[in-house]
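Notes for the structure review
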Amino acid sequence: AQSVTQLGSHVSVSEGALVLLRCNYSSSVPPYLFWYVQYPNQGLQLLLKYTSAATLVKGINGFEAEFKKSETSFHLTKPSAHMSDAAEYFCAVSDHITGGFKTIFGAGTRLFVKA
Amino acid sequence: DGGITQSPKYLFRKEGQNVTLSCEQNLNHDAMYWYRQDPGQGLRLIYYSQIVNDFQKGDIAEGYSVSREKKESFPLTVTSAQKNPTAFYLCASSMRNQPQHFGDGTRLSIL
């Protein structure tokens, strides 16, 4: 069965510091992987997606993620945090077994950015 | 602009009352989904529909019902059987193997 684990329910960084949010997945077939961001009282917005092309995926707002099959990981990074990056981030996985529709979401990581 | 519209943004339910949350999309997506979000628990799937007039239960379907009579619409009814309905409800839509697009959510509270 598919699953997604996000390490750390809360991450705190200083403005200008590296952001690293960790995600590990479990899937018996090549997965589709996504990162979403959620601001308070809003829906989720897609940051980036991996769909078996390049292993390093660039997204919006300066975020990127690297797919590492050997580590079953898809960690999200940003070189320099900005105050506006404070939000909750969700890693998600879907695959052909679920008909390409059903997506499993991680529990989320809340990012705090200190001035 | 294409997107997903959820209404109302805030909703209050009295004991023993059914309430219906609206979700409309103009993205021409085949699939639509309802999720429940509670603090610290991420998103839990309630129901999803891959095609008109068909839908499947998700992980927490008890106390909820849906219909999919039109491609654009996927309303969710929270019935009186759902004993703990206070939560943030999110609707989403997608095409096969594509990321889901989300509405801005409905926050349901008990009076």
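Right above here is the structure, for reference.
This text gives an overview of the structure that appears in the document. (Residues numbered from 1 in each chain as written. Chains lettered and ligands numbered in written order. Predicted model: local features only at pLDDT ≥ 70, side-chain atom pairs only at ≥ 80, totals over all residues. Heavy atoms only, no water.)

Let's talk about the interface of chain A and chain B
Every contact between the two is made by 21 residues of chain A and, on the other side, 25 residues of chain B. Carbon and sulfur atoms supply 54% of the area buried between chain A and chain B, which totals about 1900 Å² over both sides. It is Asn41(A), Phe101(A) and Lys102(A) in chain A that bury the most area against chain B; as a group they hold 35% of the surface buried on that side. Inspection of the region where chain A meets chain B yields zero salt bridges. Linking chain A with chain B are six residue pairs in polar contact (both at pLDDT 80 or more), by the criterion used here. Of all the elements in the fold, those that place two or more residues in the side of chain A that touches chain B are strand E4 (32-38) and strand E5 (44-50) of chain A. Considering each element in turn, the side of chain A that touches chain B owes the most residues, four residues, to E4(A). (Contact = heavy atoms within 4.5 Å. Buried area = accessible area lost by both parts, 1.4 Å probe. Salt bridge = Lys/Arg side-chain N within 4 Å of Asp/Glu carboxyl O. Polar contact = N/O pair within 3.5 Å; in protein donor to acceptor, adjacent residues only side chain to side chain. Helix = DSSP H or I, 4+ residues; strand = E, 2+ residues; numbered from the N terminus.)

Comments concerning the environment of Val19(A)
You can see Val19(A) is positioned in strand E3 (residues 19-26). Considered as a pair, Val19(A) and Ser80(A) are 61 residues apart in the sequence and their alpha carbons are 6.8 Å apart.

Regarding the nonpolar core
Inside soluble globular proteins, nonpolar side chains tend to come together where they are buried. Grouped together as the largest cluster of nonpolar side chains are 27 residues, with contacts concentrated most on Trp35(A), Leu48(A), Phe74(A), Leu76(A) and Tyr89(A). Sorting the residues of this core by element identifies strand E2 (10-14), E3, E4, E5, strand E7 (64-68), strand E8 (73-78), strand E9 (87-94) and strand E11 (109-114) of chain A as the ones contributing at least two each. Counting residues in each nonpolar core, the second largest holds 20 residues, with Ile60(B), Val66(B), Val78(B) and Tyr89(B) among its members. (Core = buried A, V, L, I, M, F, W, Y, C linked by side-chain atoms within 4.5 Å. Buried < 20%, exposed > 50% of the residue type's maximum accessible area, 1.4 Å probe, protein only.)

Quick notes on the packing of aromatic side chains
Summed over all chains, the structure comprises 14 aromatic pairs over all chains. With centroids separated by 6.0 Å and ring planes inclined at 75°, the aromatic side chains of Phe105(A) and Phe102(B) adopt a geometry described as edge-to-face. Of this pair, Phe105(A) sits in strand E10 (residues 104-105) while Phe102(B) sits in strand E10 (residues 101-102), placing the two residues on different chains. Grouping residues by exposure puts Phe105(A) and Phe102(B) together as buried. Relative to Tyr35(B), the ring of Tyr33(B) has its centre 6.3 Å away and its plane inclined at 20°; by these criteria the two rings are stacked. Of the two residues, Tyr33(B) and Tyr35(B), both sit in the buried class. (Phe/Tyr/Trp six-rings, centres within 6.5 Å; stacked < 30°, edge-to-face > 60°.)

Some remarks on a nonpolar patch on the surface
Taken together, the side chains of Tyr10(B), Phe12(B) and Leu111(B) present a nonpolar region at the surface, about 370 Å² in accessible area. With respect to the helices, strands and loops of the structure, Leu111(B) is situated in the segment after strand E11 (106-110). (Patch = residues over 30% accessible without salt bridge, like charges linked within 9 Å, V, L, I, M, F, W, Y side chains within 5 Å. Areas by Shrake-Rupley, 256 points an atom, 1.4 Å probe, with all protein chains shown as cover.)

Notes on the pattern of salt bridges
Applying the stated criterion to the full structure yields six salt bridges over all chains. For the salt bridge of Glu64(A) with Lys58(A), the shortest nitrogen-to-oxygen distance reads 2.8 Å. Look at Glu64(A) and you get partly exposed, because its relative accessible area is 22%. Among the ionic pairs, Asp85(A) bridges to Lys78(A), the shortest N-O distance being 2.9 Å. With respect to burial, Asp85(A) and Lys78(A) carry one shared label: buried. When salt bridges with common partners are traced through the structure, they connect Arg36(B), Asp38(B) and Arg44(B) into a single cluster.

So far we have only geometry, and geometry alone does not tell us how the molecule works.
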